[in-house]
Amino acid sequence: MKKVTIKASSDVALVKYWGKKNEALRLPENGSVSLILSGLDTVTTVEFSSELEADEVSIQAEADPQEVGRVVGHLDRVRKMISAPLFAKVVSQNTFPKGTGLSSSGSGFAALTIAATKAAGLELSERELSILARQGSGTACRCVCGGIVEWKDGDTSETSYSESIFSAQHWDLRDVVVVIDEGEKRVSSTEGHTTAQTSPFYQTRLSKIKDKIVTAKAAIAAKNFPQLGELVEAEALEFHSILLTSTPSLIAWLPGTIQVMLGVQELRQAGIPAYFTINTGFNIHVLTLPEYVEQVRERLRKLSLVKQTLVATVGEKPAEIEEHLF
């Protein structure tokens, strides 16, 4: 058994999934397309040891019981795959706030999956890693890939996995991540998935997703930024309409969220191409092109309710690194 450290990037869904066919296996009701984000990264070190009497887990120098339980559960999945199961030490650090709607569980469980399987001496294919990571966090199945990624919904565990559909070099996009708050989001994704079908608009949304994915892929292939941006922004608002109209209603936004949304629309009115998307939290991703990054960042960071801005580029798939966390 060896010590392994993996650096994995978060992602932002351009076409989002919502609702699950199977909660235990985290099979999504619909497919999705996402952008891997270099600059929003998780680094995780894993080592199995015969000297440990229990798993030792530290995330951002903390040991939150709920998070530790999810990690131990995922280690159990890896242990079932090896002949001599051992306890493990896991240390994980993010370069961005966790629990704020920036998909930290995606990069976190992608890094954990790859580090744990390698530390256990397993050599899995990218598809196998995606299927395994999905069981820890749905989003993580996309974060084991690089570039622009499609997650196939599938009806079984074996058919629900992600793959890269465009490389990180295909299109030089930028994501200006606008942080409104670093506190935990009020709406947990797990809670939201279970109530998704209570929205009167949910089935209508599902009926349009396949066509939306086809359109998104065509816009990316053609590098048509206005077409992609308009689709992504409308998709985010449609997605949040499901949250807002579920029972109970799930209101994820903070006042600063709306301030930034309006700010992005003002940028476009000034001739600067920028489009927003939002996950299940209150912080916002603003997509733009490289030559406009500083203008977008400068205008948005001046807004009164914005705490900070981060800039991410299209990321590669996770990589093993030499600098261990312990």
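Our structure is the block above this text.
Residues numbered from 1 in each chain as written. Predicted model: local features only at pLDDT ≥ 70, side-chain atom pairs only at ≥ 80, totals over all residues. Heavy atoms only, no water.

Novice: What exactly am I supposed to notice about the pattern of salt bridges here?
Specialist: It is possible for side chains of opposite charge to pair when their charged atoms get near one another. All chains considered together, the criterion is met by 17 salt bridges. Where K7 meets D41, a salt bridge forms, and the shortest distance between an N and an O atom there is 4.0 Å. Of this pair, K7 sits in strand β1 (residues 4-15) while D41 sits in strand β4 (residues 32-49), and the two are 34 residues apart along the sequence. In this structure, E23 engages K20 in a salt bridge whose closest nitrogen and oxygen atoms are separated by 3.5 Å. You can call E23 partly exposed: its relative accessible area is 37%. Salt bridges here are not isolated pairs; linked through shared partners, they connect R205, K208, K212, E235 and E238. (Salt bridge = Lys/Arg side-chain N within 4 Å of Asp/Glu carboxyl O. Helix = DSSP H or I, 4+ residues; strand = E, 2+ residues; numbered from the N terminus. Buried < 20%, exposed > 50% of the residue type's maximum accessible area, 1.4 Å probe, protein only.)

Novice: How should the environment of Y17 be read in this particular structure?
Specialist: Inspection of the secondary structure puts Y17 in the loop between β1 and β2 (20-22). Assessed through its relative accessible area of 10%, Y17 is described here as buried. Counting along the chain gives 181 residues from Y17 to T198, while the straight-line C-alpha distance between them is 16 Å. Beyond its immediate sequence surroundings of up to four residues, Y17 is in contact with P28, N30, G31, S32, G138, T139, R142, W151, H193 and F239. At 3.4 Å, the side chain of Y17 forms a polar contact with the side chain of H193. (Contact = heavy atoms within 4.5 Å. Polar contact = N/O pair within 3.5 Å; in protein donor to acceptor, adjacent residues only side chain to side chain.)

Novice: For this particular structure, what's the right way to read the packing of aromatic side chains?
Specialist: One pair of aromatic rings is described through two measures. These are the centre distance and the angle between the planes. Enumeration over the complete set of coordinates arrives at four aromatic pairs. Each member of the aromatic cluster is reached from another via a ring pair, and the members are W171, F225 and Y275. (Phe/Tyr/Trp six-rings, centres within 6.5 Å; stacked < 30°, edge-to-face > 60°.)

Novice: Please clarify how helix α2 (residues 104-119) should be interpreted in this entry.
Specialist: Note on helix geometry: an α-helix contains 3.6 residues per turn, so any two residues three or four positions apart are oriented the same way. The end-to-end C-alpha separation of α2 is 22 Å, in line with the 22 Å expected for 16 residues at 1.5 Å each. A large share of α2 lies buried, amounting to 14 of its 16 residues. Once α2 ends, the next one or two residues include G121, with phi positive near 85°. (Expected span 1.5 Å × (residues − 1).)

Novice: It is not clear to me how the packing of helix α1 (residues 65-79) against α2 should be interpreted in this structure. Could you clarify?
Specialist: Any two packed helices are characterised by the angle at which their axes cross and by the distance between the axes. For the pair α1 and α2, the least separation of the axes is 10 Å and the interaxial angle reads 35°. Crossing angle aside, the handedness with which α1 passes α2 is right-handed. Of the residues in α2, those in contact with R70, V71, H74, L75 and V78 of α1 are S105, F109, L112, T113, A116 and T117. Residue composition of the contact of α1 with α2, by class: six nonpolar, four polar and one charged. (Axes fitted to C-alpha atoms, helices over the stretch in contact; angles between N-to-C directions. Left-handed = near helix turned anticlockwise from the far one by under 90°. Nonpolar A, V, L, I, M, F, W, Y, C, P; charged D, E, K, R; others polar.)

Novice: Honestly, the nonpolar core in this entry has me stumped. Any pointers?
Specialist: Generally speaking, soluble globular proteins have nonpolar side chains that are buried together. The biggest cluster of nonpolar side chains holds 33 residues, and the ones touching the most others in it are V46, F48, V71, L75, V78, V90 and L112. Considering every element that reaches this core, the biggest residue donor is α2, with eight residues. Leaving out residues up to four positions away in the same chain, V71 has contacts with V57, I59, V90, F109 and L112. Counting residues in each nonpolar core, the second largest holds 31 residues, with L35, L40, L102 and I220 among its members. (Core = buried A, V, L, I, M, F, W, Y, C linked by side-chain atoms within 4.5 Å.)

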